[in-house]
Amino acid sequence: MKKYLLATIPMILGVLCLFIKGIIGDEILADGTIVEKNFFLIPLSYLFFFSGILTFLFMALFSKIKNMNVAK
């Protein structure tokens with residue numbers, strides 16, 4: 001199970017990015033425009049989630065293939 005730590009770290013970072021974005025929030029100016037100070041955290045969190053899911057899938061697939069080859 002220690003090998004799946006590599007896949008869970010990006011997912012945790014993705015959650016952390018969204019959490020920080022939610023805490024900091026946005027600012028609405030007097031003329032009605034929205035100033036999003038940390039908008040970059042949203043696509044960054046998607047990138048972390050996607051990379052974590054891909055890493056998990058590849059590790060599970062390679063583990064399954066390795067177990068099938070050992071059984072033969």
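Residues numbered from 1 in each chain as written. Predicted model: local features only at pLDDT ≥ 70, side-chain atom pairs only at ≥ 80, totals over all residues. Heavy atoms only, no water.

Section: a nonpolar patch on the surface
So, step 1. The grouping of F50, I53, L54, F56, L57, F58, L61, F62 and I65 at the surface amounts to a nonpolar patch, some 870 Å² of accessible area in total.
So, step 2. Looking at the element boundaries, L61 is found in helix α2 (residues 41-71). (Patch = residues over 30% accessible without salt bridge, like charges linked within 9 Å, V, L, I, M, F, W, Y side chains within 5 Å. Areas by Shrake-Rupley, 256 points an atom, 1.4 Å probe, with all protein chains shown as cover. Salt bridge = Lys/Arg side-chain N within 4 Å of Asp/Glu carboxyl O. Helix = DSSP H or I, 4+ residues; strand = E, 2+ residues; numbered from the N terminus.)

Topic: the pattern of salt bridges
So, step 1. Using the criterion set out here, one finds 3 salt bridges in the structure.
So, step 2. Across the pair K21 and D26 runs a salt bridge whose closest N-O atoms are separated by 2.8 Å.
So, step 3. Take D26: its relative accessible area is 46%, and that puts it in the partly exposed class. (Buried < 20%, exposed > 50% of the residue type's maximum accessible area, 1.4 Å probe, protein only.)

Here's the deal with helix α1 (residues 5-24)
So, step 1. With 20 residues, α1 should reach 28 Å at 1.5 Å per residue; the first-to-last C-alpha distance of 28 Å fits that figure.
So, step 2. Along α1, the residues classified as buried are A7, P10, G14, C17 and K21. On an axial view of α1, the arc spanned by its buried residues comes to 85°, and they lie on one face. Within α1, the exposed residues directed more than 90 degrees away from the buried face are I12, F19, G22 and I23.
So, step 3. The inward-facing, buried residues of α1 contact α2. (Expected span 1.5 Å × (residues − 1). Arc of directions from axis to C-beta. Contact = heavy atoms within 4.5 Å.)

Describing the side chain of N38
So, step 1. In this fold, N38 is placed in the loop between β2 (34-35) and α2.
So, step 2. With a relative accessible area of 15%, N38 lands in the buried category.
So, step 3. Sequence-distant contacts of N38, defined by excluding residues within four places in its chain, comprise K21 and I24.

Brief notes about the confidence of the model for the protein
So, step 1. Considering every residue of the protein, the mean pLDDT works out to 90; 97% of them sit at 70 or more.
So, step 2. Here β2 stands out as the least confident element of the protein, with mean pLDDT 90; α1 is the most confident, with 93. (pLDDT = per-residue confidence, 0-100.)

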